[in-house]
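The lines below spell out each chain.
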Amino acid sequence: MRTVSLEGQGGFSEWRDAARRLLVDAVAPEQVRWQLSGQGGDLFGVVGEPEPGQTAPSELVVPKSFIEAAEAAICHSDPDRFSLLYRILWRLQSERSLLQVTSDADVSHVVRLIKNVRRDSHKMKAFVRFREVEAVQAGRRRFVAWFEPEHFIVARTAGFFQRRFTDMDWLIATPKGSAAWNGQELKTSCEPAARPEGEDETDELWRTYFANIFNPARVKIRAMQSEMPKKYWKNMPEASLIPDLIAGAEQRVAEMAARQASQPPAFHERLQAQWRGRDEEEASDLPPLERLRQEASACTLCPLHCHATQTVFGEGPDDADILFVGEQPGDTEDLAGRPFIGPAGKIFDEAVEGAGIDRTQVYVTNAVKHFKYERRGKRRIHMRPDAGEVAHCRWWVAKEIEIIQPRIVVALGATAYLSLTGESRPIAEVRGMPIPMQESRMLLVTTHPAAILRMPDEDLKARSLAAFRSDIQDVRRLAETLPAL
Ligand code: URA
């Protein structure tokens, strides 16, 4: 009998090294006892001669799908995970299609573990609540959060928080490890962490926010309880409101009916959809742009998401040469979920087509991904996003550029220019000359097509339209002359 002692919680690479040595030594799964250090046993017990009666495989079979499955399953807290994975690896040497046999007991066991791990990871993404604490680095805000996962998912899920909250320093402490980001380095530890103390005004903000988005007419208590189990409530400041809000839901529905139905808060629906188990972990299989689109669909970085119908993400090939950035979706785009398809989109399309550019070959996006408007009667009137809203959304635009790597970026108007450069300048000052960006990319600036539509003077309108079309022709000419990046 061999005893393998793994450090800490038993990470994937340590298990993999031990499993490889066991396999080379032809040690059958039933001959191995897996344990975590501190439980006694012989750390070096895995090295030795092949077991009598067993022959070492000449070439190890380790399919990529097994590695992916093992990396997820090993995060489960099931004490049998190490032996289960080794048994599957052992069997794979002779049963190459084993992982496709979903009725097999070992395979269905590992599938169950992976599902639980993904679910736990999803819950962590949805239910971590940061509290602001005193900054240690000038100019950077610092946040801490306490979360109680069921499995060892902190390191696995930390990348999500690094991508989402890159501008702030944060620490997520859990009894199953911790993760910390300081703007440069993501550190993870599997040591149990201590719970950060205290409550701050962010908690009150969460409660106000939740009370506002709570729609009593749409509350499905069973679904809510299954997707947001009570065990998470104690670490979520807004959860203290839930019992009262649910208890008062019936009366509030009656009051709402008496007042006539108002529009359901769009964000609440999306939150519910997330709770229904949209598993962002699965998004890791998607191409980067699709994955970004999916992440953006749940963006709550600024309050605009509360009233918009949906995130309107960019559209076009992920290797487009030219990337156009507008301001924000309009009424039509907000309802359809696609950029530049309303009246401004028509002007844009005509100019692009007139310049000999194929719209399906360019990428079109906006500086701000949610529609900002003011309601006047039944109409929703466009409002310009402010600098804070643009700043919140810059992250998405930068990511789109990073993935697509266009040679030319075109700013349609001052908001797009602000998003792309961080500078607030009148368009007339920056229009007409290509501006070098990072990585030999060129930025061209022109007016926003909606600004042309709003011009009251017909003569001015015609001249602005001609100038806009001419700018778009310059874009095509530049595209023809610029070398590939
Ligand atoms: N205006 C924009 O800036 N973007 C759109 O998608 C539509 C109108």
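The shown structure was predicted, so the numbers you read here are calculated from the model rather than taken from an experiment.

Our next topic: the confidence of the model for the chain. For any part of a model where pLDDT is low, the fine detail of the predicted coordinates should not be relied upon. For the chain, the mean per-residue pLDDT works out to 85, and 79% of the residues sit at or above 70. Within the model, pLDDT remains below 50 along residues 41–48, and this stretch shows 18 contacts once partners closer than five positions in the same chain are excluded. Segment residues 260–265 is flagged for pLDDT under 50; beyond a separation of four residues in sequence, or across chains, it makes 7 contacts in the model.

Spatially, 5 strands are ordered S9-S8-S12-S14-S13 in an open sheet, and the strand pairing comes out mixed. Among the strands making up the open sheet, the edge pair consists of strand S9 (363–366) and strand S13 (435–436). The pairing of strand S12 (residues 408–412) with strand S14 (residues 442–446) spans 5 bridges and is parallel. Looking at the pairing, alanine 411 lines up with valine 445 of S14. Strands strand S8 (322–326), S12, S13 and S14 of the sheet are contacted by helix H16 (residues 414–421), whose axis makes an angle of about 135° with S12.

Another aspect to go through is the packing of helix H3 (residues 81–92) against helix H4 (residues 105–127). For the pair H3 and H4, interaxial distance at closest approach is 10 Å and the crossing angle is 135°. Taken together, H3 and H4 sit at an angle that is classed as oblique. For the pair H3 and H4, the crossing hand works out as left-handed. Between H3 and H4, the contacting residues are Arg81, Leu84, Leu85, Arg87, Ile88 and Arg91 on the first element and Asp106, His109, Val110 and Leu113 on the second. Of the residues assigned to the contact of H3 with H4, the class counts are 5 nonpolar, 1 polar and 4 charged.

With phi around 55°, glutamine 405 is a residue other than glycine that occupies positive phi space. You can see glutamine 405 is positioned in the loop between helix H15 (387–404) and S12. Using a relative accessible area of 32% as the deciding quantity, one classes glutamine 405 as partly exposed. With a phi close to 60°, serine 440 is a non-glycine residue in the positive phi region. Tracing the sequence through the fold places serine 440 in the loop between S13 and S14. On the accessibility criterion, serine 440 (59% relative accessible area) is exposed.

So, about the sheet that holds strand S6 (residues 177–181). In spatial order, the strands read S3-S4-S5-S6-S7; together these 5 strands make up an open sheet with mixed pairing. Bordering the open sheet on either side are strand S3 (131–133) and strand S7 (186–189), each of which pairs with just one other strand. This sheet shows a mean twist of 20° between the axes of neighbouring strands, independent of strand direction. Of the pairings in the sheet, the one linking strand S5 (residues 169–174) to S6 comprises 5 bridges and is antiparallel in character. By the bridge assignment, leucine 171 is partnered in S6 with alanine 180.

Let us look at the site of the ligand. Around the ligand, the surrounding shell consists of Gly326, Glu327, Gln328, Pro329, Gly330, Glu333, Pro339, Phe340, Ala344, Asn366 and His448. Here an oxygen atom of the ligand and a backbone polar atom of phenylalanine 340 are 2.8 Å apart. Here histidine 448 contributes a side-chain N or O atom positioned 2.6 Å from an oxygen atom of the ligand. In isolation the ligand offers 240 Å² of accessible surface; the protein chains occlude 93% of this area. Grouping the amino acids of the shell around the ligand by side-chain chemistry returns 4 nonpolar, 5 polar and 2 charged.

What follows concerns the pattern of salt bridges. Applying the stated criterion to the full structure yields 31 salt bridges. Between lysine 64 and glutamate 68 there is a salt bridge; the shortest N-O distance is 3.3 Å. Taken together, the positions of lysine 64 and glutamate 68, both in helix H2 (residues 64–73) and 4 residues apart, correspond to about one turn of that helix. Residue class for lysine 64 comes out exposed when judged on its relative accessible area of 63%. Salt-bridge contacts for glutamate 315 lead to arginine 338; the nearest nitrogen and oxygen are separated by 2.7 Å.

What counts as what
Residues numbered from 1 in each chain as written. Predicted model: local features only at pLDDT ≥ 70, side-chain atom pairs only at ≥ 80, totals over all residues. Heavy atoms only, no water. pLDDT = per-residue confidence, 0-100. Contact = heavy atoms within 4.5 Å. Pairing = 2+ DSSP bridges. Helix = DSSP H or I, 4+ residues; strand = E, 2+ residues; numbered from the N terminus. Axes fitted to C-alpha atoms, helices over the stretch in contact; angles between N-to-C directions. Parallel < 35°, antiparallel > 145°, perpendicular 65-115°, else oblique. Left-handed = near helix turned anticlockwise from the far one by under 90°. Nonpolar A, V, L, I, M, F, W, Y, C, P; charged D, E, K, R; others polar. Buried < 20%, exposed > 50% of the residue type's maximum accessible area, 1.4 Å probe, protein only. Near = heavy atom within 4 Å. Polar contact = N/O pair within 3.5 Å; in protein donor to acceptor, adjacent residues only side chain to side chain. Areas by Shrake-Rupley, 256 points an atom, 1.4 Å probe, with all protein chains shown as cover. Salt bridge = Lys/Arg side-chain N within 4 Å of Asp/Glu carboxyl O.

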